[in-house]
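These are the residues of each chain, in order.
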Amino acid sequence: MNRNARFRVSWGMRTRLLAASVLVIAAVPLPSSGQTTTIDEGSFTVSRAGRTGREDFRIVRAASPSAVLVGTGTSVNGTSRIVAVLRTDTTGAPLDFQLDGRESNELRERITIRATRDRLAARSQSPRGESAREYFLRPGMAIFDDEFAYQYYFLALQGREAVAAVLPRRNELAQLHVVSKGDDAIEIAGTRVTARHYVVSDAMSDRQLWTDTAGRVLRVEAPAFTAVRDALPAGR
């Protein structure tokens, strides 16, 4: 298959495809609670285009059959509800990604990305049609939906200043630079804390990121939104 192949289908076929492939996040085969350790869990208040929404998330480490990290986030803003699940190895290297976007409970977008031995295969479906693309997988790559605050954890986890990241909703590969700016004092839930400050940049824009010493995300300022954690992480 052409690595940049794209194709369109008729409306009738689109309807059948979407109906057959609706992503039910509850059915994603996540490990049972006995097999997992919670790394982080909480919520963000998200300001986007003058509207206030919410992002709830959980990141766990699964012990079986092999060690993986699974992050699940749900973003709600007005009538829009988007659920994204990212699975990586323990270094943040991508394994797979799934996104289900709905507007007024109607499926508007579905994205899946799967890692094989040497490629990331991405597929996107919406009422406008379907597209597919493959990316050659190499060390230092990431899957990064930059509109979810919790996914910045996985980006920082890699500990690299340069990351080639697949941006699922743009269906493109971006060269990101992650630069530490030292420590900042910020306020979370009325408490003044010292946070690690990073700038995540690409050719399009800069994003400001603050984490605690364990890499757990506290605040994100991006061109499209600002996300502030509602409470400090447990076990600080």
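Each residue is numbered by its place in its chain's sequence as written, counting from 1. Only residues with pLDDT of 70 or above have their local features reported here, since the model is predicted, and side-chain atom pairs are shown and tallied only from 80 upward, although totals for entire chains, interfaces and linings are computed over all residues. In computing side-chain values, all of the structure's heavy atoms are included and hydrogens and water are not.

### A few points about the environment of Arg 110
Here is step 1 of the chain: Assignment of secondary structure puts Arg 110 in strand 7 (residues 106-115).
Here is step 2 of the chain: The spacing of Arg 110 and Leu 99 is 11 residues in sequence and 5.6 Å in space, taken between C-alpha atoms. Each helix is a run of H or I in the DSSP string that is no shorter than four residues. Each strand is a run of E no shorter than two, and both are numbered from the N terminus.

### Concerning the pairing of strand 6 (residues 94-103)
Here is step 1 of the chain: When accessible area is computed with a 1.4 Å probe and restricted to protein chains, residues below 20% of their type maximum are described as buried, those above 50% as exposed, and intermediate ones as partly exposed. Along strand 6, seven of the 10 residues are buried, which leaves the element largely enclosed by surrounding structure.
Here is step 2 of the chain: One ladder, built from nine bridges, connects strand 5 (residues 80-88) with strand 6; its direction is antiparallel. Of the residues in strand 6, the one forming a bridge with Val 83 is Asp 100.
Here is step 3 of the chain: Between the antiparallel neighbours strand 5 and strand 6 lie five residues, among them Gly 92 with a positive phi of about 95 degrees.
Here is step 4 of the chain: Here strand 6 pairs with strand 7 via eight bridges, running antiparallel. Within the sheet, the bridge partner assigned to Gly 101 lies in strand 7 and is Glu 109.
Here is step 5 of the chain: For two strands to count as paired, DSSP must find a minimum of two bridges between them. In this structure, the hairpin formed by strand 6 and strand 7 is closed by a connection of two residues, where Ser 104 is found at a positive phi of approximately 50 degrees.

### Re the packing of aromatic side chains
Here is step 1 of the chain: Under the pairing criterion, centres of Phe, Tyr and Trp rings, with the six-membered ring standing for Trp, must be within 6.5 Å; the plane angle then separates stacked pairs below 30 degrees from edge-to-face pairs above 60, leaving the rest tilted. Tallied over the full model, the rule gives six aromatic pairs.
Here is step 2 of the chain: Here the aromatic rings of Tyr 153 and Phe 154 are separated by 5.5 Å at their centres, their planes lie at 85 degrees, and the arrangement is edge-to-face. Of the two residues examined, Tyr 153 and Phe 154, each falls in the buried class.

### A closer look at the pairing of strand 9 (residues 129-136)
Here is step 1 of the chain: Among the eight residues of strand 9, seven are classified as buried, and the element is accordingly described as predominantly covered.
Here is step 2 of the chain: Where strand 8 (residues 119-126) hands over to strand 9, the hairpin turn is made up of two residues, counted between the paired strands.

### Describing the nonpolar core
Here is step 1 of the chain: Residues Phe 97, Ile 113, Tyr 150, Tyr 152, Leu 155, Leu 176 and Val 220 are the most contacted members of the largest nonpolar core, which totals 42 residues.
Here is step 2 of the chain: Considering each element in turn, this core owes the most residues, five residues, to strand 11 (residues 162-167).
Here is step 3 of the chain: Note on definitions: a residue-residue contact is assigned when non-hydrogen atoms from the two residues lie within 4.5 Å. Sequence-distant contacts of Tyr 152, that is, excluding residues within four places in its chain, are made with Phe 144, Asp 146, Val 200, Arg 207, Leu 209, Val 217, Val 220, Ala 222 and Phe 225.
Here is step 4 of the chain: Definition used in this section: a nonpolar core is a set of buried Ala, Val, Leu, Ile, Met, Phe, Trp, Tyr and Cys residues joined via side-chain atoms within 4.5 Å. With six residues, the next largest nonpolar core counts Ile 188, Val 193, Ala 195 and Trp 210 among its residues.

### Some words on the confidence of the model for the chain
Here is step 1 of the chain: For every residue, the predictor assigns a confidence score, pLDDT, that lies between 0 and 100. The pLDDT averaged across the chain works out to 87; a share of 85% of its residues lies at or above 70.
Here is step 2 of the chain: This stretch, residues 1-28, has a pLDDT under 50; its non-local contacts, to residues over four places away or in other chains, come to 46 contacts.

### Quick word on the pattern of salt bridges
Here is step 1 of the chain: The salt bridge definition used is simple: a Lys or Arg side-chain nitrogen within 4 Å of an Asp or Glu carboxyl oxygen. Inspection of every chain in the model, using the stated rule, returns 19 salt bridges.
Here is step 2 of the chain: Between Arg 108 and Glu 106 there is a salt bridge; the shortest N-O distance is 3.2 Å.
Here is step 3 of the chain: The class for Arg 108 is partly exposed, based on a relative accessible area of 38%.
Here is step 4 of the chain: Judged by relative accessible area, which is 45%, Glu 106 ranks as partly exposed.
Here is step 5 of the chain: Salt-bridge contacts for Glu 130 lead to Arg 123; the nearest nitrogen and oxygen are separated by 2.9 Å.

### A few points about the side chain of Ser 43
Here is step 1 of the chain: The residue Ser 43 is located in strand 2 (residues 36-48) in this model.
Here is step 2 of the chain: What qualifies as a polar contact is a pair of N or O atoms within 3.5 Å, subject to a donor-acceptor requirement within protein and to the restriction that residues adjacent in sequence count only when both atoms come from side chains. In this structure the side chain of Ser 43 is engaged in a polar contact, spanning 2.6 Å, whose partner is the side chain of Asp 230.
Here is step 3 of the chain: When residues no more than four places from it in sequence are discounted, the contact partners of Ser 43 are Arg 54, Glu 55, Asp 56, Phe 57, Val 228, Arg 229 and Asp 230.

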